[in-house]
Amino acid sequence: MSNSESHYRLRLAKGFLEEARQDVSLGRWRSALDNSQLTVEHSAKAVLALFGPVGRTHNPAVHLRDALAKGHFRPTYAPAVQALTEIAELLGPDIHIQTDCGDEAGGLTPWELFDESDARQALALAEKAFTIAEQIIREAKHEGS
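First things first, this report covers the structure right here in the doc. Since we're looking at a predicted model, the values are computed, not measured.

Parameters at a glance
Residues numbered from 1 in each chain as written. Predicted model: local features only at pLDDT ≥ 70, side-chain atom pairs only at ≥ 80, totals over all residues. Heavy atoms only, no water. Helix = DSSP H or I, 4+ residues; strand = E, 2+ residues; numbered from the N terminus. Expected span 1.5 Å × (residues − 1). Buried < 20%, exposed > 50% of the residue type's maximum accessible area, 1.4 Å probe, protein only. Phe/Tyr/Trp six-rings, centres within 6.5 Å; stacked < 30°, edge-to-face > 60°. Contact = heavy atoms within 4.5 Å.

1. Re helix α1 (residues 3-26)
Residue pairs spaced three or four apart in an α-helix point in one direction, given the helix's 3.6 residues per turn.
Step number 1: Between its terminal C-alpha atoms α1 stretches 35 Å, which fits the 34 Å expected from 24 residues at 1.5 Å a residue.
Step number 2: Where α1 is concerned, the buried positions are Glu-5, Ser-6, Arg-9, Leu-10, Ala-13, Leu-17, Ala-20, Asp-23 and Val-24.
Step number 3: Taken from the residues just after α1, Gly-27 is the one with a positive phi, measuring 75°.

2. Quick word on the packing of aromatic side chains
Each pair of aromatic rings is reported with the distance of its centres and the angle of its planes.
Step number 1: This model, assessed by the stated rule, comprises 1 aromatic pair.
Step number 2: The interplanar angle of 85° and the centroid separation of 4.9 Å between the aromatic rings of Phe-51 and Phe-73 together place this pair among those described as edge-to-face. Taken together, the positions of Phe-51 in the loop between α2 (29-48) and α3 (60-69) and Phe-73 in the loop between α3 and α4 (78-90) put the pair 22 residues apart, joining distant regions of the chain.
Step number 3: With relative accessibility at 41%, the residue Phe-51 sits in the partly exposed group.

3. Topic: the environment of Ala-129
Step number 1: Of note, Ala-129 is situated in helix α7 (residues 116-144).
Step number 2: Along the backbone, Ala-129 and Ala-13 are 116 residues apart, and their C-alpha atoms lie at a distance of 9.3 Å.
Step number 3: Residues within four places of Ala-129 in sequence aside, it is in contact with Val-40, Ser-43, Leu-84 and Ile-87.

4. A look at the side chain of Thr-57
Step number 1: Here Thr-57 lies in the loop between α2 and α3.
Step number 2: When its relative accessible area of 18% is taken as the criterion, Thr-57 is described as buried.
Step number 3: Not counting the four nearest positions on each side in its chain, Thr-57 is found in contact with Glu-41, Lys-45 and His-63.

Okay, structure coming up:
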């Protein structure tokens, strides 16, 4: 198991989560969404890294779903990985693009797209994703030692 990349990705996720929390407290809704999305992305990649190097992607949900289908995860991890996959789908590449580019077709900037409710929901999902990833990695480390 590639524990060093998993721990690196988890540290990235934690940093983005801390920034998302700060963004919500400062009323920076677009930034909160952006940092929440990155938290989820890196949490998912941290779990994927348990099986080897993770390529560049803003859509790790596809890879998590594939790993689940191929039975790479122990059955006891499946519900948690499924939950992480669903969160990664909700805060996936579409959100990543919207937080950076807005809605070009609709003529809305990223700051016009997101409000406090969106930011708080995204932060809650990011918190959950990080907790799931942290738990899976902790348990995998104990199993490997």
